[in-house]
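Chains, contacts and geometry: an overview
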Amino acid sequence: MAPTEAFAPAKINLTLHVTGQRADGYHLLDSLVVFAGVGDVLRVAPADEMSLRVTGPMAAGVPEDARNLCWKAAEAFGAPVHIELEKHLPAAAGIGGGSSDAAAVLRAMETIYGRPFSGDALRLGADVPVCLLAHAARMSGIGVQVLPLSQPPMDAVLVNPGVAVSTPAVFRALRSRDNPPMTDWPLDGRSDSTLAWLRTMRNDLEPPAIGVQPVIGRVLTALDEEGADLARMSGSGATCFGLFPDGGAAAAAARLRAAHPGWWVAATTLT
């Protein structure tokens with residue numbers, strides 16, 4: 001049987017409001033999540049025993065055993081498979097790479113075995129439920145509440161400066177854990193309305209992440225200087241995004257690559 005291929009798009013938090021913390025330590029979030037046209041590629045095939053091979057330009061350091069979330073996802077589905085993960089997204093980057101990979105494995109296995117995943121996706125990680133949808137959504141609570149949204153496509157540049165950011169370290173540096181949620185999403189479907197609304201929203205993890213990795217601030221400045229309509233960090237960092245007018249993303253990405261050859265830069269569309 002030929003392997004079943006699945007795409008694992010980068011997950012981008014256009015907003016990320018930290019609205020509280022439960023007694024068990026889990027943080028409550030309110031986030032507008034979209035997905036990029038760049039990502040990892042998974043190829044999954046039935047096998048007698050579990051195995052995982054990682055290839056691609058970002059393969060270095062990615063485990064090929066049960067520590068990998070792809071492996072855990074396959075075990076949660078309940079069947080042994082061989083997984084090939086072609087890694088294009090940087091790790092520990094605030095764009096849900098591991099969660100999106102795990103969700104892609106689950107989607108591939110649903111196709112292979114002709115049945116839906118019956119487990120608890122949240123047990124694999126807070127971002128896995130929204131990554132299973134892989135479509136614009138409002139994600140709230142600890143990640144289990146996912147409301148699909150209609151999102152006009154946005155041209156964007158993603159930039160990661162090549163530093164890993166510890167999510168626990170960012171949350172430890174967060175001063176307030178009880179912040180206002182998002183306001184109502186504009187319903188007219190217009191890109192300019194969406195952009196105006198986004199400018200009034202936040203990523204509450206951006207200031208503490210800059211404190212942990214100051215280079216994030218330099219990335220945001222570089223995106224602003226390239227003419228981004230909005231520059232913001234995704235997730236807990238260090239990847240940032242810039243939203244650009246139609247046709248402006250590719251040229252901005254080329255200039256950023258030339259000026260910062262050590263940065264990971266991708267022009268893409270967010271949906």
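Coordinates for the structure precede this section.
Everything quoted here is computed from the prediction, not taken from an experiment.

All right, on to the overall build of the protein chain then. A count of helical and extended segments in the protein chain gives eight helices and 11 strands. On C-alpha atoms alone, the protein chain measures out to a radius of gyration of 18 Å, which is about the 18 Å that the 2.2 N^0.38 rule sets for 271 residues. With the C-alpha coordinates of the protein chain rotated into their principal frame, the extents come out at 55 × 45 × 35 Å. A total of 271 residues make up the protein chain; the buried ones form 54% of that total. Excluding contacts between residues fewer than 6 apart, the proportion of contacts in the protein chain whose partners are at least 24 apart in sequence is 73%. Carbon and sulfur atoms make up 53% of the accessible area of the protein chain, which totals about 11700 Å². For the protein chain, the separation between the mean place of its 21 positive charges and that of its 27 negative charges on side chains is 5 Å.

Judged by nonpolar contacts, the single largest core of 30 residues is most densely connected at Leu42, Val44, Ile83, Val105 and Met109. Only strand 1 (4–13), strand 3 (27–46), strand 4 (51–55), helix 1 (69–77), strand 5 (81–86) and helix 2 (97–113) provide two or more residues apiece to this core. Ignoring any residue separated from it by four or fewer positions in sequence, one finds Val44 in contact with Pro3, Thr4, Val81, His82, Ile83, Val105, Ala108, Met109 and Ile112.

Before going further, it helps to examine the pairing of strand 2 (residues 17–21). With four bridges joining them, strand 2 and strand 3 adopt antiparallel strand pairing. In the strand pairing of strand 3, His17 is matched with Asp30. Where strand 2 folds back on strand 3, the antiparallel hairpin that results is connected by five residues, among which Gly25 adopts a positive phi of roughly 100 degrees.

All right, on to the packing of aromatic side chains then. In this structure the tally under the stated criterion is three aromatic pairs. Summarising the aromatic geometry, the rings of Phe77 and Tyr113 are spaced 5.9 Å apart at their centres and angled 35 degrees between planes, so their arrangement reads as tilted. A residue pair is termed long-range when its members are at least 10 positions apart, and Phe77 in helix 1 and Tyr113 in helix 2 qualify at 36 residues. Given the relative accessible area of 31%, Tyr113 is considered partly exposed. Note on Phe77 and Phe117: the rings are 6.3 Å apart at their centroids and 15 degrees apart in plane angle, and the pair reads as stacked. Of the two residues, Phe77 sits in helix 1 while Phe117 sits in the loop between helix 2 and helix 3 (128–133), which places them 40 residues apart along the sequence. For Phe77, a relative accessible area of 5% gives the class buried. For Phe117, a relative accessible area of 14% gives the class buried. Here the aromatic residues Phe77, Tyr113 and Phe117 are joined through ring pairs into a cluster of three or more.

Among the six residues of strand 5, five are classified as buried, and the element is accordingly described as predominantly covered. Looking at chain direction, strand 3 and strand 5 are connected through six bridges and run antiparallel. If you follow Val41 over to strand 5, its bridge partner there is Glu86. One ladder, built from five bridges, connects strand 4 with strand 5; its direction is parallel. When the sheet's bridge partners are listed, Val54 is paired in strand 5 with Leu85. Following the chain from strand 4 across helix 1 to the adjacent parallel strand 5, one finds a crossover that is left-handed.

Right, let's talk about the environment of Pro63 for a bit. Mapped onto the secondary structure, Pro63 falls in the loop between strand 4 and helix 1. Contacts of Pro63, omitting those with residues within four sequence positions, involve Leu52, Val54 and Asn68.

Among the residues of helix 5 (residues 191–199), Ser193, Thr194, Leu195, Trp197 and Leu198 are the ones counted as buried. Close packing links the buried residues of helix 5 with strand 3, strand 8 (154–160), strand 9 (230–233) and strand 10 (240–243).

Contact geometry for helix 1 and helix 2: axes closest at 8 Å, N-to-C directions at 35 degrees. The interaxial crossing formed by helix 1 with helix 2 has right-handed handedness. Residues Leu69, Cys70, Ala73, Ala74 and Phe77 of helix 1 form the contact with helix 2, whose participating residues are Gly98, Ser99, Asp101, Ala102, Val105, Leu106, Met109, Glu110 and Tyr113. The class makeup of the residues in the contact of helix 1 with helix 2 is 10 nonpolar, two polar and two charged.

Criteria and thresholds
- Residues numbered from 1 in each chain as written.
- Predicted model: local features only at pLDDT ≥ 70, side-chain atom pairs only at ≥ 80, totals over all residues.
- Heavy atoms only, no water.
- Helix = DSSP H or I, 4+ residues; strand = E, 2+ residues; numbered from the N terminus.
- Rg over C-alpha atoms; globule rule 2.2 N^0.38 Å.
- Buried < 20%, exposed > 50% of the residue type's maximum accessible area, 1.4 Å probe, protein only.
- Contact = heavy atoms within 4.5 Å.
- Areas by Shrake-Rupley, 256 points an atom, 1.4 Å probe, with all protein chains shown as cover.
- Lys, Arg positive; Asp, Glu negative; His and termini not counted.
- Charge placed at Lys NZ, Arg CZ, Asp CG, Glu CD.
- Core = buried A, V, L, I, M, F, W, Y, C linked by side-chain atoms within 4.5 Å.
- Pairing = 2+ DSSP bridges.
- Phe/Tyr/Trp six-rings, centres within 6.5 Å; stacked < 30°, edge-to-face > 60°.
- Right-handed = clockwise from strand over helix to strand, strands pointing away.
- Axes fitted to C-alpha atoms, helices over the stretch in contact; angles between N-to-C directions.
- Left-handed = near helix turned anticlockwise from the far one by under 90°.
- Nonpolar A, V, L, I, M, F, W, Y, C, P; charged D, E, K, R; others polar.

By themselves, these observations are geometric and do not establish any function.
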